[in-house]
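# Working through the structure, step by step
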Amino acid sequence: MTDRALYRLLAWLSPSYPVGAFSYSHGLEWAIEAHDLRAPEPVLDWIGDLLRFGAGRSDAILFAHAFRAVAAGDEPGLAEITGLARAFQPSRERALESLSQGEAFLRATRAAWPAPALDWLKAVDEGEIAYPVAVAVAASAHGVALAPALQAYLQSFAANLVSAAVRLIPLGQTAGLRLMAALEPVIGAVAEEALTAPLETIGGCALRADLASMNHEIQETRLFRT
């Protein structure tokens, strides 16, 4: 991967990139209010399970297949993936989270780092684009290697949840860093599996997290959008 490609990957997945990631907790806010998560160990288990069995794994598989569809110029394949990415959202709030970030990512990236594939994506599917698909298409279009792009995407996903836990529980910054260190092998394993996983194996069973996102929608007081 070239220095230029690495620079772009780091910029796109920076906390300052204008996708509003800081405003989404993926249901974590409700889980904390319900007293499911009050210490670092349960947070580690929760995020680890999301990566292995929930949105993390599903997003990773979608990411890998979207990346390859762009590289191959496979329009039907990319259209199938964009549709699946919208359909595999277990709640209205989770759809809001993924689709809002995906559309925001596309707007920002087309403005700063335009590429024909980003325009082609919207021509293939005029609907809202899920976040993992948007990032994968940009990475493929700009020559970012698939394996590091996928691992960086998952690291960003986990880091946003850790940041939410640090603010909400609250946890100290050192505890948050320890969580990220503990999640490193999990992220590596999920990324490695997703690189060879068939699209048919997409799916998850992080049911408590799905229920948390549904309950968050009617939570009386909340700081996050999801």
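Residues numbered from 1 in each chain as written. Predicted model: local features only at pLDDT ≥ 70, side-chain atom pairs only at ≥ 80, totals over all residues. Heavy atoms only, no water.

In plain terms, the rule: UniProt positions are given in the numbering used here, feature names are shortened, and annotations may be inferred rather than shown by experiment.
As annotated in an unreviewed UniProt entry, the chain carries the name Urease accessory protein UreF and is attributed to Hypericibacter adhaerens. According to the UniProt record, the Sequence similarities (unreviewed entry) comment for the chain is "Belongs to the UreF family."

## A few points about the overall build of the chain
The test is simple: Note on conventions: DSSP H or I runs of at least 4 residues are helices, E runs of at least 2 residues are strands, and numbering of each starts at the N terminus. Atoms considered for the radius of gyration are the C-alpha atoms alone. The globule rule reads 2.2 Å times the number of residues to the power 0.38. Partly exposed describes any residue whose relative accessible area lies between the buried limit of under 20% and the exposed limit of over 50%, with all areas from a 1.4 Å probe on protein chains only and scaled to the type maximum. Surface exposure here means Shrake-Rupley accessible area, sampled with a 1.4 Å probe, where a residue is shielded only by the protein chains that are shown. Under this rule, positive means Lys or Arg and negative means Asp or Glu; His and the chain ends count for nothing. The atom standing in for a charge is NZ when the residue is Lys, CZ when it is Arg, CG when it is Asp and CD when it is Glu.
Looking only at helices and strands, the chain has 11 helices and 0 strands in total. In sequence order, the chain lays out its α and β elements as α-α-α-α-α-α-α-α-α-α-α. Compactness check: the chain gives a C-alpha radius of gyration of 17 Å against a globular reference of 17 Å for 226 residues, within 12% of the reference. Across its three principal axes, the chain shows a C-alpha extent of roughly 45 × 35 × 30 Å. Going through the 226 residues of the chain one by one, you find that 54% of them count as buried. Carbon and sulfur atoms form 57% of the exposed surface of the chain, whose accessible area is close to 10,200 Å². One finds the centroid of the 17 positive side-chain charges in the chain at a distance of 5 Å from the centroid of its 25 negative side-chain charges.

## Quick look at unusual backbone geometry
Trans peptide bonds make up the majority, and among non-glycine residues the majority have a negative phi. Looking along the chain, the bond that leaves Ile169 and enters Pro170 is cis, with omega of -10°. Looking at the element boundaries, Pro170 is found in the loop between α9 (146–168) and α10 (173–196).

## Quick word on the pattern of salt bridges
Definition in use: Any Lys or Arg side-chain nitrogen found within 4 Å of a carboxyl oxygen on Asp or Glu counts as a salt bridge.
Tallied over the entire structure, the rule returns 9 salt bridges. Close ionic contact of Arg86 with Asp125 constitutes a salt bridge, the shortest N to O distance being 2.9 Å. Linking Arg86 in helix α5 (residues 75–87) with Asp125 in the loop between α7 (116–124) and α8 (131–141), this pair joins segments that are 39 residues apart in sequence. Taking the relative accessible area as the measure of exposure, Arg86 reaches 28% and is therefore partly exposed. A salt bridge links Lys122 to Glu103; the shortest N-O distance between them is 3.1 Å. With Lys122 in helix α7 and Glu103 in helix α6 (residues 92–112), the pair connects residues that are 19 residues apart, well separated along the chain.

## Overview of the nonpolar core
For the record, the criterion: Residues enter a nonpolar core if they are buried and are Ala, Val, Leu, Ile, Met, Phe, Trp, Tyr or Cys, with the set joined through side-chain atoms within 4.5 Å. Any pair of residues with heavy atoms lying within 4.5 Å of one another is described as a contacting pair.
Formed by 82 residues in total, the largest nonpolar core has its most connected members in Leu51, Phe105 and Leu154. Of all the elements, α9 adds the most residues to this core, at 13 residues. With residues near it in sequence (within four places) discarded, Phe105 still touches Trp12, Tyr17, Val19, Tyr131, Ala134, Val135 and Ala138.

## Looking at helix α3 (residues 40–53)
The α-helix advances 3.6 residues per turn, and as a result positions three or four apart in sequence lie on the same side. Put simply, the test is: Any helix carries an expected span of 1.5 Å times its number of residues minus one.
For α3, built from 14 residues, the straight-helix expectation of 20 Å at 1.5 Å per residue is met to within 8% by its first-to-last C-alpha distance of 20 Å. Of the residues making up α3, those classed as buried are Val43, Trp46, Ile47, Gly48, Leu50 and Leu51. Contacts from the buried residues of α3 go to α2 (28–33), α4 (55–72), α9, α10 and α11 (207–216).

## Side note on the layout of surface pockets
As a reminder, the rule being used: Within this scheme a cavity is a closed region of a 1 Å grid, computed over the protein atoms alone, that accommodates a 1.4 Å probe without allowing it to escape, whereas a pocket is open but has protein on both sides within 12 Å along at least five of seven lines; lining residues each have an atom within 4 Å of a point. Grid points are joined across faces, edges and corners, and a volume is the space filled by probe spheres set on the points.
Reported here for the largest pocket is a volume of approximately 790 Å³. If you trace the largest pocket, you find 43 residues lining it, with Tyr131, Tyr153, Ser156, Phe157 and Asn160 closest to the centre. Residue assignment for the lining of the largest pocket shows that the elements contributing at least two residues are α1 (3–12), α4, α6, α8, α9 and α11. With 10 residues, α9 is the largest single contributor of residues to the lining of the largest pocket.

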